[in-house]
Amino acid sequence: MDFEEENRMMVEYQLKRRGISDEKVLNAFLKVKRHLFVPKNLERSAYDDCPLPIGEGQTISQPYIIGLMLQLLELKENDVVLEIGTGSGYQTVLLVEIARFVYTIERNEILAQRAKSKFEELGYKNIVLEVGDGTKGWTKEKVEFDGIIVSAAAPKVPDPLFSQLKVGGRMVIPIGSRTFQRLHKITKLEDGNMKVEYSDGCMFVPLIGEYGW
Ligand code: SAM
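Reading the values: the criteria
- Residues numbered from 1 in each chain as written.
- Predicted model: local features only at pLDDT ≥ 70, side-chain atom pairs only at ≥ 80, totals over all residues.
- Heavy atoms only, no water.
- UniProt positions renumbered as here; feature names shortened; annotations may be inferred.
- Core = buried A, V, L, I, M, F, W, Y, C linked by side-chain atoms within 4.5 Å.
- Buried < 20%, exposed > 50% of the residue type's maximum accessible area, 1.4 Å probe, protein only.
- Helix = DSSP H or I, 4+ residues; strand = E, 2+ residues; numbered from the N terminus.
- Contact = heavy atoms within 4.5 Å.
- Disulfide = S-S within 2.5 Å.
- Near = heavy atom within 4 Å.
- Polar contact = N/O pair within 3.5 Å; in protein donor to acceptor, adjacent residues only side chain to side chain.
- Areas by Shrake-Rupley, 256 points an atom, 1.4 Å probe, with all protein chains shown as cover.

- The name given to the protein chain in an unreviewed UniProt entry is Protein-L-isoaspartate O-methyltransferase, with the source organism recorded as Petrotoga mexicana DSM 14811.
- The UniProt entry for the protein chain carries this comment under Function (unreviewed entry): "Catalyzes the methyl esterification of L-isoaspartyl residues in peptides and proteins that result from spontaneous decomposition of normal L-aspartyl and L-asparaginyl residues. It plays a role in the repair and/or degradation of damaged proteins."
- Listed under Catalytic activity (unreviewed entry) in UniProt, the entry text for the protein chain is "[protein]-L-isoaspartate + S-adenosyl-L-methionine = [protein]-L-isoaspartate alpha-methyl ester + S-adenosyl-L-homocysteine".

### A word on the nonpolar core
Working step 1: In terms of nonpolar packing, the biggest core is built from 48 residues, with F29, L70, Y90, L94 and L95 touching the most fellow members.
Working step 2: Only α1 (3–15), α2 (23–31), β1 (52–55), α3 (63–73), α4 (90–98), α5 (109–122) and β5 (127–131) provide two or more residues apiece to this core.
Working step 3: Filtering out sequence-adjacent residues up to four positions away, L70 remains in contact with V25, F29, L94, L95, I98 and I149.
Working step 4: Counting residues in hydrophobic clusters, the runner-up holds 21 residues, among them I105, F145, A154 and L161.

### Some details on the state of the cysteines
Working step 1: In total, this model carries zero disulfides according to the counting rule given.
Working step 2: Cysteine C50 remains unbridged, with the sulfur of C202 as its closest cysteine sulfur at 16 Å.
Working step 3: A relative accessible area of 26% means that C50 is categorised as partly exposed.

### Description of the site of the ligand
Working step 1: Contacts to the ligand come from 25 residues, most closely from S88, E106, D133, G134 and I208.
Working step 2: Q91 has a polar backbone atom sitting 3.3 Å from an oxygen atom of the ligand.
Working step 3: Contacts to the ligand include D133, whose side-chain N or O atom sits 3.0 Å from a nitrogen atom.
Working step 4: For the ligand, whose unbound accessible area comes to 600 Å², protein coverage reaches 99%.
Working step 5: For the shell around the ligand, the secondary-structure elements that each account for two or more residues are β2 (58–60), α4 and β4 (101–106).
Working step 6: If you tally residues by element for the shell around the ligand, the top one is β2, at three residues.

### Some words on unusual backbone geometry
Working step 1: Phi at E56 is positive, roughly 60°, even though this residue is not glycine.
Working step 2: One can find E56 in the loop between β1 and β2.
Working step 3: On the basis of relative accessible area, E56 is assigned to the partly exposed category, the value being 39%.
Working step 4: With phi around 50°, E74 is a residue other than glycine that occupies positive phi space.
Working step 5: Examined against the element boundaries, E74 turns out to sit in the loop between α3 and β3 (80–84).
Working step 6: Taking relative accessible area as the criterion, E74 reaches 43% and is therefore assigned partly exposed.

Printed below as a string of structure tokens:
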């Protein structure tokens, strides 16, 4: 199977033709190969237009939804990002191809360990992974983020995550019920208030934790 070609087609038909136009995002997708992040028996489906199971009852998200979330984040190359829900680590690596440093939190130890090994195997150094409840934000040290991306469905914006956003920082998060959500782009304004913008509907696994479900 020609994964290089499959990936190029995915970028062309699933991303560009649906309105993903941010060159930084498209270049990251061209560089990072999704088949490296799915179970071996699903490699042939790695470039399909859908989420795929990654074990532990979790999924790697649909490429288009990841593309849309990354575009909404409006990242710049010096930005520092927090990701909640590392999953397979695919999106983490896309993020680090666009921004300077990625902090990522995964609550499932098995998935976290697998993703960590993958980052090491692929030689990514600008990623730090923590196992825990990401709804509480990054608790190890005080960091403020230019961008926060939440890859699981939340009932509302978790307060600790909004607190850790810089003024002018953006958070992209699916908010709604446990079965259907809408992507929200939250921007922290100068006066500390939040600006909320709405994007596509989506279906994520639930964000389980103190400030989630
Ligand atoms: N973007 C990921 C990828 O590219 O593979 C897919 C993420 S998957 C849809 C959602 C992940 O969020 C799951 O791995 C799940 O264990 C994790 N999760 C759910 N609640 C969490 C929480 N409170 N803190 C950290 N991770 C959480």
